[in-house]
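Breakdown of the fold
For reference, the chains in residue letters:
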Number of protein chains: 2
Amino acid sequence: MTDLRSTLATSGPIDLSTRASDETPGFEGKKKDAKRRLPQIGEELMDAQELLFANGIAGTTDRKVLILLQGMDTSGKGGTLRHAAGLVDPQGLAITAFKAPTDEEREHDFLWRIEKHLPAPGMIGVFDRSHYEDVLVGRVRALASAEEIERRYGAINDFEERFVDGGGVLLKCFLHISPDDQEERLAARLDDPTKYWKYNPGDLDDRQLWPEYQAAYETVLERCSTDHAPWHVVPSGRKWYRNWAVATMLGETLTDLGLDWPRADFDVAEQRRRLATM
Amino acid sequence: MTDLRSTLATSGPIDLSTRASDETPGFEGKKKDAKRRLPQIGEELMDAQELLFANGIAGTTDRKVLILLQGMDTSGKGGTLRHAAGLVDPQGLAITAFKAPTDEEREHDFLWRIEKHLPAPGMIGVFDRSHYEDVLVGRVRALASAEEIERRYGAINDFEERFVDGGGVLLKCFLHISPDDQEERLAARLDDPTKYWKYNPGDLDDRQLWPEYQAAYETVLERCSTDHAPWHVVPSGRKWYRNWAVATMLGETLTDLGLDWPRADFDVAEQRRRLATM
């Protein structure tokens, strides 16, 4: 069976405008099949995650996983968190939603605030937005000089390589949608008072800069999809595919860690005897 | 329908040795019924939590919920987290597992490290152990003077009252098991190499002090079950009941908040027009 990660991984130059957002690469079946399969994937994820978590508690691993979610507004970072990351035990999950940097954060290098949220051994971290914002909105809105933006691509690759060298695995997911997908989803938010809270007038300002953002994403995907931390383009026009794809790639990632249960650091027979006398 | 919280709430002196751990107060049916009902409770919890979370994002509420889990080793704090708290959207969940305090934490008042982990508006916090450890293990192992332990009950009540006055709701759950339950579960951990990581020889030292811990819990339940933050005794000999009970009480708590969806702080018609032109 082909690994979904290799199916969705990108390398080299990419033209997002030629990529359909409603494709379902690697998935055989229809929406109802994906929805039906998700609980089973959830069981498998729970088990694989417990193995990672157990080793973290026992102090027998330096492994940790970081899922990084990027995408235009309405691409479904929150939904992916809820329906894919939400399948695992919340004790082993560390979610960080990065907002516009605070004054204090702005006084440091852009990676300063990121480093603090890297997952600990045994944990699965999820970044809802990330250091990539600093070469996305940072570039499109010219929040930093062109030289500084240029410097950041290399800084990001170095930073991620250090994380991987320290036992980390990065699962970088670009949730790809089309302008039409976004229009439909923004309209849905404006038509439903229970969704107003997800709507921000600033989203339309960003929508107006769609081509600029896509160009910034294309540069990111080309320059920061590395051997140690490839980018995956996840077609996200169909929410059920997006959730299935991220959950499936997380499962592949956990399985690949090849961990065993931590061995007892105590004498099992002796403990049994002691327990029996109490 | 009677509120499960009022069924399980305790007030006044309590003798835990007379409380069965395998009762299922408030639940009609059997294990398979509870397991079957949990996904549906999950759906309801997700919806109720989204309402809280939405208000947090919109800045229209100061409400937040804190589930506090205490209990002897193997009472199932982790399992409750996984199966009850795990039903909600992990984005809205902030879990803290309190371990033995660090040197830095020990230099401050015992509530110092707790305060930092109180949930923000819109969030559901979960404490796996809590400030109560400082009057439980703190008392049983005489980690502080008797005067200091005595002072702490009042300090805890004041602290919790401030949290409630600031919009917080506390759901304090004591997961009650019997010595036999514990023996069975410890033995199960020693019989299964995939569970060794959950076992700690120190657990037997605590087990030896069972009566002292029960006495310390009885004092806690008597003195810190207040009108603003009652304690609930959750019979936890049956894991399915424990999970159902905590999930159900969380649902009641969220429903009680009586929140509405945040109103739009923008002109909906104008945004629709602008979107249509793009």
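My aim in this report is to walk through the structure given alongside it, one point at a time. Worth saying up front: this structure is predicted, and the values here are computed from it rather than measured.

Concerning the interface of chain B and chain A
Accessible area lost during the coming together of the parts is what is often quoted as the interface size. Each partner contributes residues to the interface: chain B has 42 residues there, and chain A has 42 residues. Here chain B packs against chain A, burying approximately 4,200 Å² in sum over the two surfaces, 64% of which is carbon and sulfur. Counting the surface chain B buries against chain A, the share from its top three residues, B:Arg82, B:Trp197 and B:Leu275, is 19%. In this assembly, chain B and chain A are joined by eight salt bridges. Seen at the junction of chain B and chain A, the total is 14 residue pairs in polar contact (both at pLDDT 80 or more). Those elements giving two or more residues to the side of chain B that touches chain A turn out to be helix H2 (31–58), helix H3 (77–83), strand E3 (93–97), helix H8 (179–191), helix H9 (202–208) and helix H12 (268–276) of chain B.

Some words on the packing of aromatic side chains
All names here are of chain A. In the structure shown here, the tally under the stated rule is 20 aromatic pairs over all chains. Here Phe-174 and Tyr-217 contribute two aromatic rings whose centre-to-centre distance is 4.4 Å and whose plane-to-plane angle is 40 degrees, an arrangement assigned as tilted. Of the two residues, Phe-174 sits in strand E5 (residues 168–176) while Tyr-217 sits in helix H10 (residues 210–223), which places them 43 residues apart along the sequence. You can call Phe-174 buried: its relative accessible area is 1%. In this structure Tyr-217 comes out as buried when scored by relative accessible area, which is 3%. Aromatic rings pair up to connect Phe-27, Trp-240, Tyr-241 and Trp-244 into one cluster. The ring of Trp-112 carries the charged tip of Lys-116 above its face, separated from the ring centre by 3.8 Å. The positively charged end of Arg-152 is found above the aromatic ring belonging to Phe-110, 4.9 Å away from the centroid.

Observations regarding the side chain of A:Thr226
All names here are of chain A. Turning to its location among the elements, Thr-226 is positioned in the loop between H10 and strand E6 (231–235). By relative accessible area, which is 16% here, Thr-226 ends up buried. Side chain to side chain, Thr-226 and His-228 meet in a polar contact 3.2 Å long.

Structural notes on the packing of helix H7 (residues 146–165) of chain B against helix H10 (residues 210–223) of chain B
Residue and element names in this part refer to chain B. Viewed as axis vectors pointing N to C, H7 and H10 meet at an angle of 40 degrees, and their least axial separation amounts to 11 Å. When the axes of H7 and H10 are compared, the pair comes out oblique. As for the relative orientation of H7 and H10, their crossing is right-handed in sense. The residues of H10 that touch H7, namely those facing Glu-150, Tyr-153 and Asn-157, are Thr-219, Val-220 and Arg-223. For the contact of H7 with H10, the class distribution of residues is two nonpolar, two polar and two charged.

Focus on the relation of the copies chain B and chain A
With an RMSD of 0.0 Å, the fit of chain B onto chain A corresponds to turning through 180 degrees and sliding 0.0 Å along the axis. Both copies are brought into coincidence by an operation consistent with a two-fold rotation axis. Rotation axis and chain B: the residue whose C-alpha lies nearest the axis is B:Pro90, separated from it by 3.2 Å. Taken as a fraction of all interface residues of chain B, those also at the interface in chain A reach 100%, which identifies the copy contact as same-surface.

Regarding the sheet that holds strand E2 (residues 64–71) of chain B
Residues and elements named next belong to chain B. Strand order in the open sheet made by the six strands is E1-E6-E5-E2-E4-E3, with mixed pairing throughout. Whereas interior strands pair on both sides, the edge strands pair on one side only; in this sheet they are strand E1 (9–10) and E3. Strand direction decides the pairing type here: E2 and strand E5 (residues 168–176), joined by eight bridges, are parallel. Across the sheet, the residue bridging to Lys-64 is Gly-168, located in E5. Running at roughly 135 degrees to E5, H7 makes contact with E2 and E5 of the sheet.

Overview of the state of the cysteines
Residue and element names in this part refer to chain B. One pass over the structure, following the stated rule, counts zero disulfides over all chains. Lacking any disulfide linkage, Cys-173 is separated from the closest cysteine sulfur, that of Cys-224, by 15 Å. Residue class for Cys-224 comes out buried when judged on its relative accessible area of 0%.

Looking at the side chain of A:Thr61
With respect to the helices, strands and loops of the structure, A:Thr61 is situated in the loop between helix H2 (31–58) and strand E2 (64–71). Those residues in contact with A:Thr61 that sit more than four places away from it in its chain are A:Leu52, A:Asn55, A:Gly56, A:Pro121, A:Gly122 and A:Leu259.

The rules behind these values
- Residues numbered from 1 in each chain as written.
- Chains lettered and ligands numbered in written order.
- Predicted model: local features only at pLDDT ≥ 70, side-chain atom pairs only at ≥ 80, totals over all residues.
- Heavy atoms only, no water.
- Contact = heavy atoms within 4.5 Å.
- Buried area = accessible area lost by both parts, 1.4 Å probe.
- Salt bridge = Lys/Arg side-chain N within 4 Å of Asp/Glu carboxyl O.
- Polar contact = N/O pair within 3.5 Å; in protein donor to acceptor, adjacent residues only side chain to side chain.
- Helix = DSSP H or I, 4+ residues; strand = E, 2+ residues; numbered from the N terminus.
- Phe/Tyr/Trp six-rings, centres within 6.5 Å; stacked < 30°, edge-to-face > 60°.
- Buried < 20%, exposed > 50% of the residue type's maximum accessible area, 1.4 Å probe, protein only.
- Lys NZ or Arg CZ within 6 Å of the ring centre and 35° of its normal.
- Axes fitted to C-alpha atoms, helices over the stretch in contact; angles between N-to-C directions.
- Parallel < 35°, antiparallel > 145°, perpendicular 65-115°, else oblique.
- Left-handed = near helix turned anticlockwise from the far one by under 90°.
- Nonpolar A, V, L, I, M, F, W, Y, C, P; charged D, E, K, R; others polar.
- Least-squares fit on C-alpha atoms with pLDDT ≥ 70 in both.
- Pairing = 2+ DSSP bridges.
- Disulfide = S-S within 2.5 Å.

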